[in-house]
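What the coordinates show
One-letter residues, chain by chain:
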Amino acid sequence: MTVHVTSPSPSLPPPSSSVGVVGWLRKNLFSSVVNSIFTLAGLYLLYTLVPPAVNWALFQADWIGTTRDACTSDGACWVFVGVRIKQFLFGFYPPSEYWRVVTAFSLIGLLVAWLLIDRTPKKSLVGAFTIFCYPVIAYFLFYGGAFGLPVVETYKWGGLMLTLILATTGMFFSFPIGIVLALGRRSSMPIAKSISVVFIEFWRGVPLITVLFMSSVMLPMFIPENMQIDKLLRAMIGIIFFQSAYMAEVVRGGLQAIPRGQNEAAEALGLSYWKSTGLIVLPQALKLVIPGIVNTFIALFKDTTLVLIIGLFDLLAVVQAAFADPKWLGFSVEGYVFVASVYWVSCFSMSRYSQHLEKKLHTGHAR
Amino acid sequence: MTAAQAEQNVSGEVMVELRNVNKWYGDFHVLKNINLKVTKGERIIICGPSGCGKSTLIRCMNRLEEHQKGDIIVSGITLDDDLKHIDTVRRDIGMVFQQFNLFPHLTVMENCCLAPIWVQKKPKKEALAIAKQYLERVQIADQADKFPGQLSGGQQQRVAIARSLCMNPSIMLFDEPTSALDPEMIKEVLDVMVDLAREGMTMLCVTHEMGFAKTVANRVLFMDAGEIIEENEPNEFFDNPQSDRTKLFLSQIL
């Protein structure tokens, strides 16, 4: 028998049980008996955990006051954080110079926002300013010693300020160094290749704590007294090298995913190695590994807390030091929750931005 | 333009010359004593069984592959380790790949402008005008702002041809340009190539499209096991093959 179809069949809507709220519930929460049990158990767990936590943190919490006597309710005592907030933010930076820190961070906040928000003009100019001018400005604002700004020694730096300085310098330098190392590792030049491999494998093979410890305790023993490098700077270099090695491997993963044909097409058009790398290979490779790059950034951000073992007072260390204040004994939970939320907000923002970036850069090239 | 008129475009000027070219992949002898002269305006089709070295042969001409013995001279420049020579040759030779190899992160227009701007240092405006002209010529100007991933295979390959032409090459190499295409898209790409041939472009094309070979080629080269086995003008080649290997090959593909 032959079938004759004279006109295309019309597209019908899907059955109503598979769409809408009911369809969604059925498919995702109650698709089987076991799943229904898990759903109910999950709901019960949320019910027992979330309301008390919210009550403690928000509704029954004490917010205003200057001493622990202000904390009379059952909830959290945020007064502790409020009283100490300046130290949490600035460490032991002299209060008269706080404006310098605020200016430096406001400026970088503005610059980064300018670069990250999609529709702002003159991105390349602002980008160049951020890369080449801002670090110099930031150095003089934080450290001083010029333009009539008194010197603030690095041992006075602390709190969130120190955390952010360590994290941003870490990201700022480890990203380009990582790219160069990744390219070096894939290079056909034996010397560039072996230097990259040795560097990456060395720094990836040692724990960050060891690196920091070596830089702060061992290194000074080998360097003459008059040539001592600042402790913060040593820690920074340690973090940068350590994270560069990780970044290099992330970037290398991206480079390996780019088909050889891309390079060949670029070469056939007459593009040099650096042009084809910079214009063709890297943009695609970096886009592929945005999740990995952001992952490394987040790890770096949180790893900065390790500097407390070499006596630098980052946010966590400053908050922990405040627990020892006899006037404020017993408020460590509030302190830790505060620190955790600062870290969480920062890391979550990075994660969200990376997802936005992935979507923006998607050009539908997946075959 | 008729075939006879196109014939007149062939002048005596030698564009590509290969003298005793040998190449090995490790121990595997992939090109054996290749001798070839391509004069200006010639259209040469290279065919042969898979793995016979035909792609390697044309990839040696712009040094995507390095040959170990013999000389390759393109537009009077000997290809050796000198990067300047390689650079000059690559600017003068366009190449079209089986897998298109468009840059997926750039739009069609940006794909075409890239080399004129970064290699030939043309001002952006001029590069855009050139790109537009060639995109029109391959009849795809209306897709200029799309990304390659949004185009069909045939459209992508036409963009790839336009991208090469934007460098204003005097020789074009085609490495199986229609092998990765769905059957209904082969013609649109071949039409563009026929056009190009009629305008007198010097072309070397690895392909099994025998209709195309008969339409445009001056010469067909048959390769097997790294050697040029037979070389003839197309009608003679297809109707009256000389060697047994050619006969066997033709019986398998026709």
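The following refers to the structure shown. (Residues numbered from 1 in each chain as written. Chains lettered and ligands numbered in written order. Predicted model: local features only at pLDDT ≥ 70, side-chain atom pairs only at ≥ 80, totals over all residues. Heavy atoms only, no water.)

**Section: the overall build of chain A**
This is how it is decided: Only DSSP runs of H or I reaching four residues or more are called helices, and only runs of E reaching two or more are called strands; each is numbered from the N terminus. It is over C-alpha atoms that the radius of gyration is taken, and the globule rule equals 2.2 Å times the number of residues to the power 0.38. Any residue under 20% of the maximum accessible area for its type is buried, any over 50% is exposed, and the rest in between are partly exposed; the area is computed with a 1.4 Å probe on protein chains only. Contacts were defined at the residue level, with two residues in contact if any of their heavy atoms lie within 4.5 Å.
If you tally the helices and strands in chain A, you get 14 helices and zero strands. In sequence order, the secondary structure elements of chain A are arranged as α-α-α-α-α-α-α-α-α-α-α-α-α-α. On C-alpha atoms alone, chain A measures out to a radius of gyration of 27 Å, which is more than a quarter above the 21 Å that the 2.2 N^0.38 rule sets for 367 residues. Taken over the C-alpha atoms alone, chain A extends approximately 95 × 65 × 40 Å along its principal axes. Each of the 367 residues in chain A was classed as buried or not, and the buried ones make up 39%. Long-range contacts, defined as pairs at least 24 residues apart, comprise 65% of the intrachain contacts of chain A with a sequence gap of at least 6.

**With respect to a nonpolar patch on the surface**
Residues and elements named next belong to chain A. What counts is decided by this rule: Residues enter patches when they are more than 30% accessible in relative terms and free of salt bridges; like-charged ones are connected within 9 Å and nonpolar ones (Val, Leu, Ile, Met, Phe, Trp, Tyr) within 5 Å. Calculation of accessible area relied on Shrake-Rupley with a 1.4 Å probe; when residues are assessed, cover is drawn exclusively from the protein chains displayed. Should a side-chain nitrogen of Lys or Arg be within 4 Å of a carboxyl oxygen of Asp or Glu, the pair is scored as a salt bridge.
Residues Val21, Val22, Trp24, Leu25, Phe30, Leu40, Leu43, Leu45, Leu46, Leu49 and Val50 make up a contiguous nonpolar surface patch of about 1,100 Å² in total accessible area. Sorting the residues of the nonpolar patch by element identifies helix H1 (20-28) and helix H2 (33-59) as the ones contributing at least two each. No other element matches the six residues that H2 contributes to the nonpolar patch. Examined against the element boundaries, leucine 45 turns out to sit in helix H2.

**Structural notes on the pairing of strand E4 (residues 69-74) of chain B**
All names here are of chain B. Quick note on the threshold: Note: two strands are recorded as paired if DSSP finds a minimum of 2 bridges between them.
Of the pairings in the sheet, the one linking strand E1 (residues 14-25) to E4 comprises five bridges and is antiparallel in character. By the bridge assignment, asparagine 22 is partnered in E4 with lysine 69. Pairing of E4 with strand E5 (residues 77-78) involves two bridges; the strand directions are antiparallel. Bridge pairing in E5 places valine 74 opposite isoleucine 77. Taken together, E4 and the strand that follows it, E5, pair antiparallel across an intervening segment of two residues, in which serine 75 is found at a positive phi of about 50 degrees.

**As for the interface of chain B and chain A**
We apply this condition: Defined in terms of a 1.4 Å probe, buried area is the accessible area two parts forfeit on being brought together, summed over both. Here a polar contact is taken to be a pair of N or O atoms separated by no more than 3.5 Å, where protein atoms must pair a possible hydrogen donor with a possible acceptor and residues adjacent in sequence count only if both atoms sit in side chains. When residue character is reported, Ala, Val, Leu, Ile, Met, Phe, Trp, Tyr, Cys and Pro are called nonpolar, Asp, Glu, Lys and Arg charged, and the others, Gly included, polar.
With 27 residues of chain B at the interface, the matching set in chain A holds 21 residues. Here chain B packs against chain A, burying approximately 2,100 Å² in sum over the two surfaces, 62% of which is carbon and sulfur. In this structure, the connection of chain B to chain A is made through two salt bridges. In this structure, glutamate 264 of chain A and arginine 59 of chain B form a salt bridge, with 2.6 Å as the shortest nitrogen-oxygen distance. The tally of links from chain B across to chain A stands at seven residue pairs in polar contact (both at pLDDT 80 or more). Secondary structure elements with two or more residues in the side of chain B that touches chain A: helix H3 (83-92), strand E6 (93-96), helix H4 (108-118) and helix H6 (153-165) of chain B. By residue class, the composition of the side of chain B that touches chain A is 15 nonpolar, seven polar and five charged.

**Notes on the pattern of salt bridges**
Enumeration over the complete set of coordinates arrives at 25 salt bridges over all chains. The shortest N-O distance in the salt bridge between aspartate 71 of chain B and arginine 19 of chain B comes to 3.9 Å. With aspartate 71 of chain B in strand E4 and arginine 19 of chain B in strand E1, this pair connects stretches of sequence that are 52 residues apart. Since its relative accessible area comes to 38%, arginine 19 of chain B is described here as partly exposed. The salt bridge partner of glutamate 65 of chain B is lysine 23 of chain B, with a shortest N-O separation of 4.0 Å. With a gap of 42 residues between them, glutamate 65 of chain B in the loop between helix H2 (54-61) and E4 and lysine 23 of chain B in strand E1 connect regions that are remote in the sequence. A relative accessible area of 14% means that glutamate 65 of chain B is categorised as buried. A relative accessible area of 5% means that lysine 23 of chain B is categorised as buried. In this structure, a network of salt bridges that share partners links the residues Arg185, Glu201, Arg204, Glu249 and Arg252 of chain A.

**Some words on the pairing of strand E7 (residues 171-175) of chain B**
Residue and element names in this part refer to chain B. For the record, the criterion: For the handedness criterion, the strands are oriented away from the viewer, and a crossover whose path from the first strand over the helix to the second runs clockwise is classed as right-handed.
Within E7, five of the five residues are buried, which leaves the element mostly enclosed by the surrounding structure. Along E7, one buried face is formed by Ile171, Leu173 and Asp175 and the opposite face, lined by Met172 and Phe174, is buried too. As judged from the four bridges shared by E6 and E7, these two strands associate in the parallel manner. The residue bridging glycine 94 from the neighbouring strand is methionine 172, located in E7. Across five bridges, the pairing between E7 and strand E8 (residues 202-206) is parallel. What sits directly across from methionine 172, in E8, is methionine 203. Taken together, E7, helix H7 (residues 183-198) and E8 form a β-α-β motif whose crossover is right-handed.

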